[in-house]
Structure formats: C-alpha cells, structure tokens
Amino acid sequence: CIDQMTHLLELNPSLQQREEADYYIAMSATAKGDANAIELLNSFLENYPTSLHRMEVVKSIGDCYFSQNEYVKAVSQYNLVDEEALTDTNKEDYIYRKAYCDLMLANYNEAERGFMRMSASKKYANSSKFYCGYIAYVKKQYDDAMAYFNQVNANSELGDMSNYYKSQIYFVKGDYAKAQNMASKLLKKNVDTQYLAEANRIVGESMYNQGDVAGAVPYLEKYVKSVKSPLPTTRYILGVSQYKNQE
C-alpha cells in the first residue's frame, strides 16, 4: 500500500488524491508498527486540518502509544477524540483501549465506566467483564467481583485468571473448601507461572485452616521456594505445620 500511494504522489495528483494517499501511507505505517508512524500521522493532521479522516488519525496516534504501553500518552491522545466521529468498529476499539489505559494507570472508576460500555460487544464483552471483576476485586467489593468473574467464559484465555481471583475471594471470605478446590484446579492446568505460587499458597493455607496440616506442607513449601519474599504468615504456618508433622 505504501509503495502504491508513494508512486501516486509522484504523478501530480489532485489535492483530494494527495490527501487520500497521505492518509493511507500513515495508516499503513501505523498498522505495520513502523517507527515513523506517529510522525506521519501528525504530519497528516498538520497538512489536512479539516480532513474527514481527522478523528481516526487522532485515535491512531493514541493506538500507537497504546501498542507501546505508553498509557499516559495514549490517554492524553484519546481524550482528544470525538468518538461520535468514528466508525462503529473504531469506536469500540477506542472505548476499550482507553478503558484499558485507565486501568493500567489505576484510574479505576474511569476504566470501569469504559468497560461497562463494552458489556454487549462481541469483541470485547468477555475481557471487559473480567476487568470489571478485577476492578471490583481491587476495591474489595468481592460480591460484585465474583458476579463479574462468573460471567467470564471459562474456556477463554481469561477463564483461568478469573478462577484465580475467585479462589482468592473464597479464601478472604473464609470459604476454605471452595478456595482449595478452585486453586487445586489451577495447579492441574498449565496456567501462567505468576499464578502458580499463589495457587500453592491458597491450597496449602486452606488445607491448614481445615485441619489438614500434613497435606498443607508440600504446597506451602512450593510457595515459599518459588517467591522472593514469602508472606510472614505463610512462613509461620509452614513452620508450625512442619513442627506438628515431626511430633
């Protein structure tokens, strides 16, 4: 696309053709992740201030920052967008990505509002429900969090992550049998390593709290060995469990 549009610019095009060529060159560079994409997008805005493509280009600059995990810059750019000027598809992408940026910046209320708008989206509904659940979890609104996590597709990529947080909620609320059951299922699956340590802790401490001291030890030992700074309470429980096992 870039080659074809660049060639068009060499053929003395009309102003409208030049605008369209520059637009497709900038958008193609954005799609490819080219290093000069933001520069091309900004040049387009400067050269064609009244273009019908203006809002899409403004959003695309935000998308570039989003893909680079520069969430502060992305949000600042997204705040310049008039979403009503976007196509339906671009509007959904915009709302979701802005909400995700707000989540990463701990702007939880703003993020929640954005994700809730995506509750009926075919593309984003599942992940939006998960993130609404996560926000409720962070706020310690555990009943709301559980309700959201229960709506997440168990077979999706976020299914295991939802179950991880559900096991944490059961544990915090003192339902150790359910916490153990949920965390045990995670240990049997190939879940992300960042969740394995906590899953072992949840299983071990849940077993300990239910009186299965001997059964708790292997899980607690795995937890302690796999993290740099184990929780002091877990170290204490492990020590007590090991002592009782020697009696």
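Residues numbered from 1 in each chain as written. Predicted model: local features only at pLDDT ≥ 70, side-chain atom pairs only at ≥ 80, totals over all residues. Heavy atoms only, no water.

Student: Residue-level account of the environment of M161, with values.
Tutor: Relative to the helices and strands, M161 is located in helix α10 (residues 159-172). C-alpha separation for the pair M161 and F149, spaced 12 residues apart in sequence, amounts to 9.0 Å. Those residues in contact with M161 that lie beyond four places of it in its chain are F130 and Y195. (Helix = DSSP H or I, 4+ residues; strand = E, 2+ residues; numbered from the N terminus. Contact = heavy atoms within 4.5 Å.)

Student: Can you break down the packing of helix α12 (residues 193-209) against helix α13 (residues 213-226) residue by residue, with the values?
Tutor: When two helices pack together, their arrangement is captured by the angle between the axes and the distance separating the axes. α13 packs onto α12 with a crossing angle of 155 degrees between their chain directions and a minimal axis gap of 8 Å. Taken together, α12 and α13 sit at an angle that is classed as roughly antiparallel. Seen from above, α12 lies across α13 with left-handed handedness. Contact residues: A197, E198, N200, R201, V203, G204, E205, M207 and Y208 in α12; V213, G215, A216, Y219, L220, K222, Y223 and S226 in α13. For the contact of α12 with α13, a count of residues per class yields nine nonpolar, four polar and four charged. (Axes fitted to C-alpha atoms, helices over the stretch in contact; angles between N-to-C directions. Parallel < 35°, antiparallel > 145°, perpendicular 65-115°, else oblique. Left-handed = near helix turned anticlockwise from the far one by under 90°. Nonpolar A, V, L, I, M, F, W, Y, C, P; charged D, E, K, R; others polar.)

Student: Describe the pattern of salt bridges, with residues and values.
Tutor: One pass over the structure, following the stated rule, counts 17 salt bridges. A salt bridge links K91 to E84, with the shortest nitrogen-to-oxygen separation between them at 3.2 Å. For the salt bridge of K139 with E112, the shortest nitrogen-to-oxygen distance reads 3.4 Å. Placement of K139 in the loop between α8 (125-138) and α9 (142-149) and of E112 in helix α7 (residues 108-117) is noted, with a sequence separation of 27 residues between them. You can call K139 partly exposed: its relative accessible area is 30%. (Salt bridge = Lys/Arg side-chain N within 4 Å of Asp/Glu carboxyl O. Buried < 20%, exposed > 50% of the residue type's maximum accessible area, 1.4 Å probe, protein only.)

Student: How would you explain α9 if you had to name every residue and give the values?
Tutor: Those residues of α9 that sit buried are Y142, A145, M146 and F149. In an axial view of α9, the angular spread of the buried residues amounts to 100 degrees, which keeps them on one side of the axis. In this fold, the buried residues of α9 make contact with α8 and α10. (Arc of directions from axis to C-beta.)

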